[in-house]
Amino acid sequence: MNLDRVIAVRNDKTIYRDGDRCIKVFDESHSKADILNEALNQARIEETGLHIPKLLGVTMIDGKWAIISEFIKGKTLSQLMKEDPDNKDKYLNQFVDLQLEIQSKSCSHLNRLRDKMERKISQADLDATTRFDLHARLEGMPNHSKVCHGDFWPSNVIISEDGTPYVIDWSHVTQGNASADVARTYLLFWLNGDIDGAKEYLKLFCEKSGTPLQYVQKWMPIVAASQSVKGKEKEREFLLSWANVVEYH
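These lines cover the structure that appears in this document, whether it is placed above or below. Source: prediction; values computed, not measured.

Notes on the nonpolar core
Turning to step 1, where the next piece is worked out: Core analysis: the biggest nonpolar cluster contains 55 residues, and Trp170, Tyr201 and Trp219 have the highest contact counts within it.
Turning to step 2, where the next piece is worked out: When neighbours within four sequence positions are excluded, Trp219 is seen to be in contact with Met117, Leu138, Met141, Pro142, Asn177, Ser179, Ala180 and Ala183.
Turning to step 3, where the next piece is worked out: Counting residues in hydrophobic clusters, the runner-up holds 6 residues, among them Tyr16, Ile23, Ile61 and Ile68.

Below is the structure:
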């Protein structure tokens, strides 16, 4: 196994290319259960028929757990948007269409998004009154079972050399309400400083799906609170500011 070619480096993992294989090596902070669950999630999503890298194996390399997947040669939508800004609208349309395709699938063995959010809100650095309000809001939202990627962002979409879009990084996938996943993507645009992109993305999604804008907006504080538990300090501050909003405007 050749680990000389690094594709990406994160705080807790390093991703390598070895020929036609992609090898994600986790550091010791990841539990065995979380890594095996990520591999299981990827295998389950494969079975839905979506275009994703095939899972090839789970192993240990120098005492560290690793997930081996098919390597997809191409460019991410993030790269294409930067290289070809005049066609950003085209790429954004493709991005939304792909998210709608994902959400059209069901996978009954996935963890439930609502359960994950309940746990995260309880852990959020918020006062008891705000947490109570957010739990109540979540309880009142419709309970669906659509596939929700959990980190749907242009850098997690690879357009292969033949034009096929592949979605990567299924570690956060759950089943739940599609609009919660949309709220997450909207906040990711904000976190990356693309406010105009966030607004255009949300407008496109609501138009294409027939979803009222206000319905997605109701999810914003709930999703922000649940996502604030992990991540960088500045990101937590930003997300908690959204979680503290009584009504999103």
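From this point, the discussion proceeds with the structure in view.
Some thoughts on the packing of helix H6 (residues 178-191) against helix H7 (residues 195-209)
Turning to step 1, where the next piece is worked out: Between H6 and H7, whose axes approach to 7 Å, the crossing angle comes to 160°. Our classification of the angle between H6 and H7 gives roughly antiparallel. For H6 against H7, the interelement crossing comes out right-handed. Here H6 contributes Val182, Thr185, Tyr186, Phe189 and Trp190 to the contact with H7, which in turn contributes Ile195, Gly197, Ala198, Lys199, Tyr201, Leu202 and Phe205.
Turning to step 2, where the next piece is worked out: When its residues are assigned to classes, the contact of H6 with H7 shows 9 nonpolar, 2 polar and 1 charged.

Side note on unusual backbone geometry
Turning to step 1, where the next piece is worked out: At Asp62, a position not held by glycine, the phi torsion is positive, near 50°.
Turning to step 2, where the next piece is worked out: By the element assignment, Asp62 lies in the loop between strand S4 (55-61) and strand S5 (64-70).
Turning to step 3, where the next piece is worked out: For Asp62, a relative accessible area of 76% corresponds to the exposed category.
Turning to step 4, where the next piece is worked out: The phi dihedral of Asp169 is positive, around 60°, even though this residue is not glycine.
Turning to step 5, where the next piece is worked out: Among the structural elements, Asp169 can be located in the loop between strand S9 (165-167) and strand S10 (174-176).
Turning to step 6, where the next piece is worked out: Residue class for Asp169 comes out partly exposed when judged on its relative accessible area of 24%.

Brief notes about the sheet that holds S4
Turning to step 1, where the next piece is worked out: As summarised here, the arrangement of the 5 strands in space is S1-S2-S3-S5-S4, forming an open sheet in which the pairing is antiparallel. In this open sheet, the two edge strands, each paired with only one partner strand, are strand S1 (5-9) and S4. Pairs of neighbouring strands in the sheet enclose a mean axial angle of 25°, with direction left out of account.
Turning to step 2, where the next piece is worked out: Alignment of strand S2 (residues 13-18) against strand S3 (residues 21-26), held across 6 bridges, turns out to be antiparallel.

Section: helix H4 (residues 113-123)
Turning to step 1, where the next piece is worked out: Inspection of H4 places Leu113, Arg114, Met117, Lys120 and Ile121 among the buried residues, and these make up the whole buried set. The arc that holds the buried residues of H4, viewed along the axis, is 125°, so those residues lie on one side.

A short note on the side chain of Ser69
Turning to step 1, where the next piece is worked out: Mapped onto the secondary structure, Ser69 falls in strand S5.
Turning to step 2, where the next piece is worked out: There is a polar contact of 3.0 Å between the side chain of Ser69 and the side chain of Gln42.
Turning to step 3, where the next piece is worked out: Discounting residues that sit within four places of it in the chain, Ser69 has contacts with Asp20, Arg21, Cys22, Gln42, Pro53, Lys54, Leu55 and Leu56.

How each quantity is defined
- Residues numbered from 1 in each chain as written.
- Predicted model: local features only at pLDDT ≥ 70, side-chain atom pairs only at ≥ 80, totals over all residues.
- Heavy atoms only, no water.
- Core = buried A, V, L, I, M, F, W, Y, C linked by side-chain atoms within 4.5 Å.
- Buried < 20%, exposed > 50% of the residue type's maximum accessible area, 1.4 Å probe, protein only.
- Contact = heavy atoms within 4.5 Å.
- Axes fitted to C-alpha atoms, helices over the stretch in contact; angles between N-to-C directions.
- Helix = DSSP H or I, 4+ residues; strand = E, 2+ residues; numbered from the N terminus.
- Parallel < 35°, antiparallel > 145°, perpendicular 65-115°, else oblique.
- Left-handed = near helix turned anticlockwise from the far one by under 90°.
- Nonpolar A, V, L, I, M, F, W, Y, C, P; charged D, E, K, R; others polar.
- Pairing = 2+ DSSP bridges.
- Arc of directions from axis to C-beta.
- Polar contact = N/O pair within 3.5 Å; in protein donor to acceptor, adjacent residues only side chain to side chain.

All quantities given are derived from atomic positions and should not be read as evidence of function.
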